[in-house]
Amino acid sequence: GLTGGSMLQMIELGENFITDVGAIAIGSVLPRMSAELKVISLHNNRIGKRGILAIRKGIQYNVSLEEIGLGFSYGIDEEILICKINHILKLNWAGRRMLTESSSSDAIWVNVLERIINQPDCIYFFLREKPNLIQSKRS
């Protein structure tokens, strides 16, 4: 399935009349989804604030998903939640999963930092989570 060793990289669920109930179910499995899954498309469904909130909660514990297409035409509360979701997805794209891997080498962190060089919000996040990324070496 979607939580095991699947090679599935994208799920297209747009225009399937998914409501908050379905979005809550999706949000509940996001933390356990396969690391290969990068994109979930949910455009043109009937997902409201409760469903978007459930997706936001689930995505906090998923470090591999990089895009969730929710579409447009939401109210301000939903748009704020979608901005938070997109921020987490951007961090995932940048390499947030490296924070969970104890074997991450310095060379990998150089790549992560190069990827986000023009994104101060991402730089701030990674430096807050892993302050030893910048250390002064004194002789």
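From a predicted model like this one, the values you see are computed outputs, not experimental measurements.

K.L.:
Please give an account of the overall build of the protein that cites residues and values.
P.N.:
The number of helices and strands found in the protein is five helices and three strands. Ordering the α and β elements of the protein from the N terminus gives β-α-β-α-β-α-α-α. Taken over the C-alpha atoms alone, the protein extends approximately 65 × 35 × 20 Å along its principal axes. The 139 residues of the protein split such that 37% are buried.

K.L.:
Before we move on, could you go through the pattern of salt bridges and cite the residues and values that matter?
P.N.:
With the rule as written, the count across this model stands at three salt bridges. Across the salt bridge formed by Asp77 and Lys49, the nearest N and O atoms sit 3.3 Å from each other. Highlighted residues: Asp77 in helix α3 (residues 76-94) and Lys49 in helix α2 (residues 49-59), separated in sequence by 28 residues. Since its relative accessible area comes to 41%, Lys49 is described here as partly exposed.

K.L.:
Please provide a residue-by-residue account of the state of the cysteines, values included.
P.N.:
Covalently bonding the sulfur atom of one cysteine to the sulfur atom of another cysteine gives a disulfide. All chains considered together, the criterion is met by zero disulfides. Considering cysteine sulfurs only, Cys122 is the nearest to Cys83, which forms no disulfide, with 14 Å between them. Among the residues examined, Cys122 registers a relative accessible area of 0% and is labelled buried.

The rules behind each value
Residues numbered from 1 in each chain as written. Predicted model: local features only at pLDDT ≥ 70, side-chain atom pairs only at ≥ 80, totals over all residues. Heavy atoms only, no water. Helix = DSSP H or I, 4+ residues; strand = E, 2+ residues; numbered from the N terminus. Buried < 20%, exposed > 50% of the residue type's maximum accessible area, 1.4 Å probe, protein only. Salt bridge = Lys/Arg side-chain N within 4 Å of Asp/Glu carboxyl O. Disulfide = S-S within 2.5 Å.

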